[in-house]
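# A closer look at the structure
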Amino acid sequence: MATVARAPHRERALLVCAERGPDYDPEESLAEMKALADTAGADVIGVVRQKVQEIHPAFFIGKGKVQEISIKAKEAKADLILVDQDLSPAQVRNLEQALDLRVVDRTELILDIFAKRARTLQAKTQVELAQLQYLLPRLRRMWRHLSRLGGGIGTRGPGETQLEVDQRRAKKRIADLLKQIRHIQGQASRIVRARKEKDLFTIALVGYTNVGKSTLLNALTKANAYVEDRLFATLDATTRILTLPNGHKVLLTDTIGFIRRLPPHLIASFHATLEEVRTADLLLHVADASHPKMDHQIAVVEETLTQVGVTNTPVLLVFNKWDAIPPEWDKEAILNRYPGALPISALTGQGLDRLKDALLHHYRHQRLVRITAHIPRDQPSLLSQLYRYGTVHQITEEADTLKVELITDRPTAQKLSHQILQDGDGTTSFSEVSLTHLSESSD
Ligand SMILES: Nc1nc2c(ncn2[C@@H]2O[C@H](COP(=O)(O)OP(=O)(O)OP(=O)(O)O)[C@@H](O)[C@H]2O)c(=O)[nH]1
Ligand SMILES: [Mg+2]
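Below, the structure is looked at part by part.

Thresholds applied
- Residues numbered from 1 in each chain as written.
- Chains lettered and ligands numbered in written order.
- Predicted model: local features only at pLDDT ≥ 70, side-chain atom pairs only at ≥ 80, totals over all residues.
- Heavy atoms only, no water.
- Near = heavy atom within 4 Å.
- Polar contact = N/O pair within 3.5 Å; in protein donor to acceptor, adjacent residues only side chain to side chain.
- Areas by Shrake-Rupley, 256 points an atom, 1.4 Å probe, with all protein chains shown as cover.
- Helix = DSSP H or I, 4+ residues; strand = E, 2+ residues; numbered from the N terminus.
- Nonpolar A, V, L, I, M, F, W, Y, C, P; charged D, E, K, R; others polar.
- Donors = N, O, S within 2.8 Å, 3.2 Å for Na, K, Ca; no water.
- Buried < 20%, exposed > 50% of the residue type's maximum accessible area, 1.4 Å probe, protein only.
- Contact = heavy atoms within 4.5 Å.
- Pairing = 2+ DSSP bridges.
- Phe/Tyr/Trp six-rings, centres within 6.5 Å; stacked < 30°, edge-to-face > 60°.
- Lys, Arg positive; Asp, Glu negative; His and termini not counted.
- Salt bridge = Lys/Arg side-chain N within 4 Å of Asp/Glu carboxyl O.

### Examining the site of ligand 1
Around ligand 1, the surrounding shell holds 23 residues, and the nearest of these are Lys 213, Thr 215, Ala 233, Thr 234 and Asp 323. Between ligand 1 and the protein, one listed contact pairs a nitrogen atom with a side-chain N or O atom of Asp 323 at 2.7 Å. In the complex, the protein chains occlude 90% of the 660 Å² of accessible area that ligand 1 would expose alone. Tallying contributions element by element places helix 9 (residues 213-221) first for the shell around ligand 1, with three residues. Split by residue class, the shell around ligand 1 holds eight nonpolar, nine polar and six charged.

Structure (structure tokens):
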């Protein structure tokens with residue numbers, strides 16, 4: 001009874017692992033479902049496994065297995081059945097009827113966690129939408145349960161009317177939520193536009209859930225983001241100012257973590273929150289190096305980024321939790337597999353200075369430009385302006401002009417080219433401003 005003693009209100013779940021497809025990894029699925037169940041507030045008190053060669057249309061798993069689950073569930077006094085696959089509404093309904101217990105599939109479990117964890121209005125609205133969209137085709141199942149408790153009325157009659165009422169209500173609510181989400185999306189887009197206008201450099205933390213993104217945000221910016229050793233601790237976007245080693249200020253955003261097979265409804269309704277990821281100048285991909293499935297998790301994050309609509313954004317990969325790698329693992333081999341990735345520990349601070357240098361490098365690479373301005377020798381005011389606007393790299397005297405090479409960021413360069421054109425005496429004051437990406441060797 002240890003699990004009950006731990007927290008009396010926790011639910012007892014019997015987990016059904018349906019092994020299906022060439023990519024199915026029993027160990028990974030078991031660990032993931034246990035973590036998801038734990039986060040949702042349930043303890044896995046038993047596991048039933050089945051290899052599913054052919055999906056049974058009515059039950060997903062084989063019909064004979066349903067009997068076994070039923071016996072085991074009674075023995076173990078399970079409150080509900082968790083299935084590590086996504087089931088159709090009919091399959092859930094059939095299983096529930098056969099087992100006389102609640103059946104929750106993987107998507108519903110994730111949605112439940114999101115609902116439980118949502119704190120802000122935006123996150124709550126987004127989760128509710130995803131949940132309702134998921135629920136709509138399943139309403140019949142919910143109503144059937146009620147009808148059964150009420151004496152097993154057939155599919156026609158007042159029950160059907162109630163179902164129609166419920167469906168209408170759900171549809172109306174979905175429409176309202178969509179309206180609210182459009183409003184949220186508008187706000188998110190305005191914030192991003194304002195940032196773009198100011199040309200603020202934004203870095204977005206991305207990664208699998210529970211890899212330490214929020215811990216890293218806190219470590220780098222002294223923020224106070226919520227950290228927990230459970231899945232999906234973060235469901236909003238938190239943005240903080242990060243000061244780079246040269247004193248430059250950029251924005252660092254922490255947001256929702258990814259998981260394999262993230263329900264599409266969630267991706268769609270979290271569009272506004274993921275706007276931060278889509279519009280970032282740089283992605284800081286945080287991986288958990290102490291996780292046995294790190295390679296797989298990295299691949300899932302890359303896939304999800306594509307799904308979310310992120311293309312062509314530069315990515316810097318870091319191996320977090322470097323402190324927690326088991327001593328027998330070959331650290332060199334991990335680093336060799338991902339050239340350019342940095343080992344860090346958000347917890348101990350190891351490698352964070354190198355990370356900041358790497359971020360600065362990326363910032364410079366993307367944002368700093370070299371300007372070459374030819375200014376007349378008799379216009380010293382222009383020269384002093386150049387000094388004010390950036391780092392003067394080199395001044396070369398030419399026939400009538402001074403050739404000044406200056407390094408600065410792009411918005412300043414644009415302002416400057418304007419200024420030189422305005423302040424100069426027309427024809428001779430300004431002959432060239434060329435902006436080129438600063439190459440790696442020159443910073
Ligand atoms: N050993 C070790 N643990 C870490 C490190 N960084 C984070 N953790 C732990 O990992 C757990 C998850 O950290 P979070 O920062 O909440 O992870 P997250 O990526 O923001 O997770 P979600 O928001 O749930 O996606 C916490 O228990 C942290 O204390 C690290 O460098 N080393
Ligand atoms: Mg987090």
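Next comes the rest of the write-up.
### Digging into the coordination of the magnesium ion (ligand 2)
For a metal with four tetrahedral donors the ideal donor-metal-donor angle is 109.5 degrees, while six octahedral donors give ideal angles of 90 or 180 degrees. For the magnesium ion (ligand 2), the protein coordination sphere consists of Ser 214 (OG) and Thr 234 (OG1), at 2.0 to 2.2 Å. With Ser 214 in helix 9 and Thr 234 in the loop between helix 9 and strand 6 (238-243), this pair connects stretches of sequence that are 20 residues apart. As far as the burial class goes, Ser 214 and Thr 234 line up, both buried.

### A closer look at the environment of Gly 46
Relative to the helices and strands, Gly 46 resides in strand 2 (residues 42-51). Counting along the chain gives 33 residues from Gly 46 to Ala 13, while the straight-line C-alpha distance between them is 7.3 Å. Residues contacting Gly 46, with those up to four places away along its chain left out, are Ala 13, Leu 14 and Leu 15.

### Details of the pairing of strand 3 (residues 80-83)
Residues in a regular strand point their side chains to alternate faces of the sheet. Of the two faces of strand 3, the one carrying Leu 80 and Leu 82 and the one carrying Ile 81 and Val 83 are both buried. One ladder, built from four bridges, connects strand 1 (residues 11-19) with strand 3; its direction is parallel. In the sheet register, Leu 15 faces strand 3, and the bridge partner there is Leu 82. Taken together, the four bridges between strand 3 and strand 4 (residues 102-105) define a ladder with parallel strand orientation. Along strand 4, the bridge assignment pairs Val 83 with Asp 105.

### Notes on the packing of aromatic side chains
Per the stated rule, a full pass over the model turns up five aromatic pairs. Judged by centre distance (5.5 Å) and plane angle (75°), the rings of Phe 319 and Tyr 338 are edge-to-face. Of the two residues, Phe 319 is situated in strand 9 (residues 315-320) and Tyr 338 in the loop between helix 13 (331-337) and strand 10 (342-343); the sequence distance between them amounts to 19 residues. Side by side, Phe 319 and Tyr 338 carry an identical accessibility label, which is buried. Clustering of aromatic rings is evident, with ring pairs tying together Phe 114, Phe 232 and Phe 270.

### Here's the deal with the side chain of Asp 84
Position of Asp 84 among the secondary structure elements: in the loop between strand 3 and helix 4 (89-99). Buried charge Asp 84 goes without a salt bridge, the closest partner of opposite sign being Arg 260 at 6.1 Å. For Asp 84, the side chain forms a polar contact with the main-chain nitrogen of Ala 18, separated by 2.9 Å. In terms of polar contacts, Asp 84 uses its side chain to reach the side chain of Ser 29, at 2.8 Å.

### Here's the deal with the sheet that holds strand 10
Pairing between the strands of a sheet comes from backbone hydrogen bonds, and it takes one of two forms, parallel or antiparallel. Read from one edge to the other, the open sheet built from six strands follows the order 6-7-5-8-9-10, with strand pairing classed as mixed. One side of each edge strand has no neighbouring strand; the edge strands of this open sheet are strand 6 and strand 10. Two strands pair when backbone bridges link them, and strand 9 and strand 10 are joined in this way by two bridges, in the parallel orientation. Bridging across to strand 10, Val 318 finds its partner in Leu 342.

### Some details on unusual backbone geometry
Even without a glycine there, the phi angle at Lys 77 is positive, about 55°. Locating Lys 77 in the fold gives a position in the loop between helix 3 (63-75) and strand 3. Non-glycine residue Phe 232 carries a positive phi angle of around 55°. As for its position among the elements, Phe 232 is in the loop between helix 9 and strand 6.

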